[in-house]
Amino acid sequence: MTDTQQAIHVLIVEDDPEICALLQRYLQRLGYVVSTALNRAGIEAVQTRQPIDLTLLDLMLPEEDGRTLCKYLRQTSATRIIMVSALNDIHDRVSGLDLGADDYVSKPFDLEELAARIRAVLRRPHPEAAPPEIQSVLHYRFDNWLFEPAKRALYGKTGIRVALTGSETDLLLTFCQNIRHVFNRTELLARIHNDEKNVDPRAIDLLISRLRRKLSHEGRQLELIRTIRGGGYIFDPDDRN
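Quick caveat, the model's predicted, so the values are computed rather than measured.

Caption draft 1: Here's a closer look at the sheet that holds strand E8 (residues 153-155). With antiparallel pairing, the 4 strands of this open sheet are ordered in space as E6-E7-E8-E9. The open sheet is flanked by strand E6 (140-142) and strand E9 (161-163), the only strands paired with a single partner. Each strand of the sheet is rotated relative to its neighbour by a mean of 25°, with strand direction disregarded. Here E6 pairs with strand E7 (residues 145-148) via 3 bridges, running antiparallel. Bridge pairing links Tyr-140 to Phe-147 in E7.

Caption draft 2: Representation of the packing of aromatic side chains in the model. By the definition in use, this model includes 4 aromatic pairs. Aromatic pair Phe-175 and Phe-235: ring centres 5.8 Å apart, planes at 25°, arrangement stacked. One end of the pair, Phe-175, is in helix H8 (residues 166-177); the other, Phe-235, is in strand E12 (residues 232-235), with 60 residues separating them in the sequence. Judged on exposure class, the residue Phe-175 and its partner Phe-235 are both buried. Put simply, the rings of Phe-142, Phe-175, Phe-183 and Phe-235 pair up and form one aromatic cluster.

Caption draft 3: Spotlight on the packing of helix H2 (residues 17-29) against helix H6 (residues 111-123). Direction vectors running N to C along H2 and H6 enclose 60°, while the axes themselves pass 12 Å from each other. Taken as a pair, H2 and H6 cross one another with a handedness that is right-handed. Facing Leu-22, Leu-23, Tyr-26 and Leu-27 of H2, the residues of H6 in contact are Leu-111, Glu-112, Leu-114, Ala-115 and Ile-118. Broken down by class, the residue content of the contact of H2 with H6 amounts to 8 nonpolar, no polar and 1 charged.

Caption draft 4: Molecular detail of the sheet that holds strand E5 (residues 103-106). Taken in spatial order, the 5 strands line up as E2-E1-E3-E4-E5 in an open sheet, and their pairing is parallel. Across the chains shown, the open sheet's two edge strands, defined by having one partner strand only, are strand E2 (33-37) and E5. Here the average twist between neighbouring strands, direction ignored, is 20°. Pairing of strand E1 (residues 9-13) with strand E3 (residues 54-58), which is carried by 4 bridges, proceeds in the parallel orientation. Across the sheet, residue Val-13 finds its bridge partner in E3, namely Leu-57.

About the thresholds
Residues numbered from 1 in each chain as written. Predicted model: local features only at pLDDT ≥ 70, side-chain atom pairs only at ≥ 80, totals over all residues. Heavy atoms only, no water. Pairing = 2+ DSSP bridges. Helix = DSSP H or I, 4+ residues; strand = E, 2+ residues; numbered from the N terminus. Axes fitted to C-alpha atoms, helices over the stretch in contact; angles between N-to-C directions. Phe/Tyr/Trp six-rings, centres within 6.5 Å; stacked < 30°, edge-to-face > 60°. Buried < 20%, exposed > 50% of the residue type's maximum accessible area, 1.4 Å probe, protein only. Left-handed = near helix turned anticlockwise from the far one by under 90°. Contact = heavy atoms within 4.5 Å. Nonpolar A, V, L, I, M, F, W, Y, C, P; charged D, E, K, R; others polar.

Spelled out as structure tokens, the structure:
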């Protein structure tokens, strides 16, 4: 247990009392400060007491579902969000990540794996404390898009904001800093997941697909990110033919 870990505040939003109690005991043993909530009112009560560093958000809740609460948290806080759900369909996972969740964990889950995912998400730069390389370049412009890494946001030519997850922000920032450079899956995963082990290299394909969809124009997925034969990707906003 470290002083840094003790200062980290984790909120568990879960309606199953057994799972909630299990997670609370486990995370407290790891040294985290833990709060719990059942609904939006409970979340608001926690927010008034202490900033939330990370939220474990159940998808299936009796009042408002996790998707709605994820939107609310994204609008009212800078908390990282890990969705926790018994729904393991790929469409549910993509939907949760598209709403702004930083990760998605399926029930039943292994506690040690969940702890590793929490550590991985917490290592990502906090939106309110962007690292020097992000602070030095406040935004990037390409193909009618404005990308603001510190805000984890894309703005189209109409000004509508497209929210990005932490992984999507890291990926797009890597591409913007290395235009026309070919990356293979392993290189991209190393930049996004740092030293996390046992990460499936194919996970980058799903992340690329999500980012391409968010960079689409009126449903047309322009080739800003091109696939290179042999498992590579290149970001070239100046060559989309």
